[in-house]
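Examining the three-dimensional arrangement
Take a look at the letters that make up each chain.
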Amino acid sequence: MKKLSILLLLFVISTAAIPPGFHWKNIRVLVYTKNGQGYVHQNIPAAVAAIRQLAREHGFQVDVSDTPADFTDANLRKYNVLIFANTNNDVFHTDAQKLALMRFIQAGGGFVGIHSAVGTERKWPWFKRMVGATFVRHPPFQPLKEIIIDADHPSTAFLPKIWELSDECYFVREVNPDIHVLAVHDLSGINDKEKPDFYGAVFPSVWCHEFDGGRQWYTALGHDPKIYADPTFQRHLLGGLQWVLSKQTKLDYSKARAVSPDDPLPY
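Reference entry: report on the structure contained in this document. (Residues numbered from 1 in each chain as written. Predicted model: local features only at pLDDT ≥ 70, side-chain atom pairs only at ≥ 80, totals over all residues. Heavy atoms only, no water.)

**Things to note about the overall build of the protein chain**
Just so we agree on the cut-off: The numbering of helices and of strands both runs from the N terminus, where a helix is a DSSP run of H or I of at least 4 residues and a strand a run of E of at least 2. Based on C-alpha atoms, the radius of gyration is set beside the globule rule, defined as 2.2 Å times the residue count to the power 0.38. Here's how the labels work: a residue is buried when its accessible area is under 20% of the maximum for its type, exposed when over 50%, partly exposed in between, all with a 1.4 Å probe on protein chains only. Any pair of residues with heavy atoms lying within 4.5 Å of one another is described as a contacting pair. We get accessible surface area from the Shrake-Rupley algorithm with a probe of 1.4 Å; when it comes to residues, only the shown protein chains can shield them. The charge count includes Lys and Arg as positive and Asp and Glu as negative, but it does not include His or the ends of the chains. Here the site of a charge means atom NZ of a Lys, CZ of an Arg, CG of an Asp or CD of a Glu.
Within the protein chain, the secondary structure is distributed over 6 helices and 11 strands. Here the C-alpha atoms of the protein chain give a radius of gyration of 18 Å, agreeing with the 18 Å that 2.2 N^0.38 yields for 267 residues. Seen through its C-alpha atoms, the protein chain measures out along the principal axes to roughly 50 × 45 × 35 Å. Looking at the protein chain as a whole, 57% of its 267 residues qualify as buried. Pairs at least 24 apart in sequence give 77% of the contacts found in the protein chain among residues at least 6 apart. Of the roughly 12,100 Å² of accessible surface on the protein chain, 55% is carried by carbon and sulfur atoms. Averaging the locations of the 28 positively and 27 negatively charged side chains of the protein chain gives two centres separated by 4 Å.

See the structure below:
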């Protein structure tokens, strides 16, 4: 009976933010896994497998790519959301590829960033503003306590107030001031000689926002390949994807105005 109650609760949570007329079977996502020169996470196959599993369970379509040339208007028009699954460093070869990403977001496309996605394109102001911040460093992998700030968001509503897991405590800078923080690292027990104090005893770890025409959701969690098989973490990812999609209408490329990756930022 208890197991049934939990399943019913998860069903209510998973459908709470879905607007009328929404159908997972109409959704197609592109999982992008490109890494530039530098560290490459070993968790990428596990992340892809988790997203494919969610797709099978909920009926949406998934394509996977590590090819920058796939970033064209013609190709991205096929997708509702781009998932940057542990991308890192420079992941585009040309300005035209960057423009295709900008235009997709401006047309209303969604974006989900997982773990090292925040370390992607660290010299590109627009991307850093879109993802919400840019990576600085992390202490060693260790047990963490995540404090849930927004208990109503579909990516966090089912979690306990204190979510305990083992991961890397990411620290970031150039934080977009418009992000809505959903969860924070509890720094009180962190093993770290250089613990920052400008957020006090906490640091943002999961957030969402709307930027330049699209919706974005990011989680700093997900370093350990094993976590992607955890149903709780999978539900976390699904909730982020769900929120990004919950207000989306058909892509409107008439709103895609980007002409250069260096276009002035909206603010």
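**Some words on the sheet that holds strand 6 (residues 142–148)**
Within a beta sheet, neighbouring strands are joined by backbone hydrogen bonds and run either parallel or antiparallel to one another. The cut-off we apply is this: Only when DSSP finds a minimum of two bridges between them are two strands counted as paired. Only the contacting stretch of a helix is used when fitting its axis, a line to C-alpha atoms as for every element, and angles between N-to-C directions run 0 to 180 degrees.
The 9 strands are arranged 2-1-3-4-11-10-9-6-7 in an open sheet whose pairing can be described as mixed. A single partner strand is all that each edge strand has here, and the edge strands are strand 2 (61–65) and strand 7 (162–167). Strand after strand, the sheet turns through a mean of 20 degrees between neighbouring axes, direction not considered. Alignment of strand 1 (residues 28–32) against strand 2, held across 5 bridges, turns out to be parallel. Looking across to strand 2, one finds that Val31 is bridged to Val64. Sitting on the sheet, helix 2 (residues 44–58) touches strand 1, strand 2, strand 3 (81–85) and strand 4 (110–114), and the angle it makes with strand 2 is about 165 degrees. Packed onto the sheet, helix 6 (residues 231–245) meets strand 1, strand 3, strand 4, strand 7, strand 10 (202–211) and strand 11 (214–219) and runs at close to 165 degrees relative to strand 11.

**Topic: the packing of aromatic side chains**
Aromatic rings in a pair are described by how distant their centres are and how their planes are angled relative to each other. Note the threshold: Between rings of Phe, Tyr and Trp, where Trp is taken as its six-membered ring, a pair exists when centres lie within 6.5 Å; planes separated by under 30 degrees are stacked, by over 60 edge-to-face, and by other angles tilted.
Taken as a whole and assessed by the stated rule, the structure comprises 22 aromatic pairs. Judged by centre distance (4.9 Å) and plane angle (80 degrees), the rings of Phe71 and Phe92 are edge-to-face. Highlighted residues: Phe71 in the loop between strand 2 and helix 3 (73–76) and Phe92 in the loop between strand 3 and helix 4 (95–106), separated in sequence by 21 residues. Of the residues examined, Phe92 reaches a relative accessible area of 8% and is grouped as buried. On the basis of an interplanar angle of 50 degrees and a centroid distance of 5.4 Å, the ring pair of Phe198 and Tyr199 is categorised as tilted. With relative accessibility at 58%, the residue Phe198 sits in the exposed group. What makes Tyr199 partly exposed here is its relative accessible area of 34%. Ring pairs connect the aromatic residues Tyr32, Phe71, Phe84, Phe92, Phe111, Trp124, Trp126, Phe127, Phe211 and Tyr267, which therefore count as one cluster.

**Comments concerning the environment of Ile149**
Relative to the helices and strands, Ile149 is located in the loop between strand 6 and strand 7. On the accessibility criterion, Ile149 (49% relative accessible area) is partly exposed. Along the sequence, Ile149 and Val172 sit 23 residues apart, while their C-alpha atoms lie 18 Å from each other.

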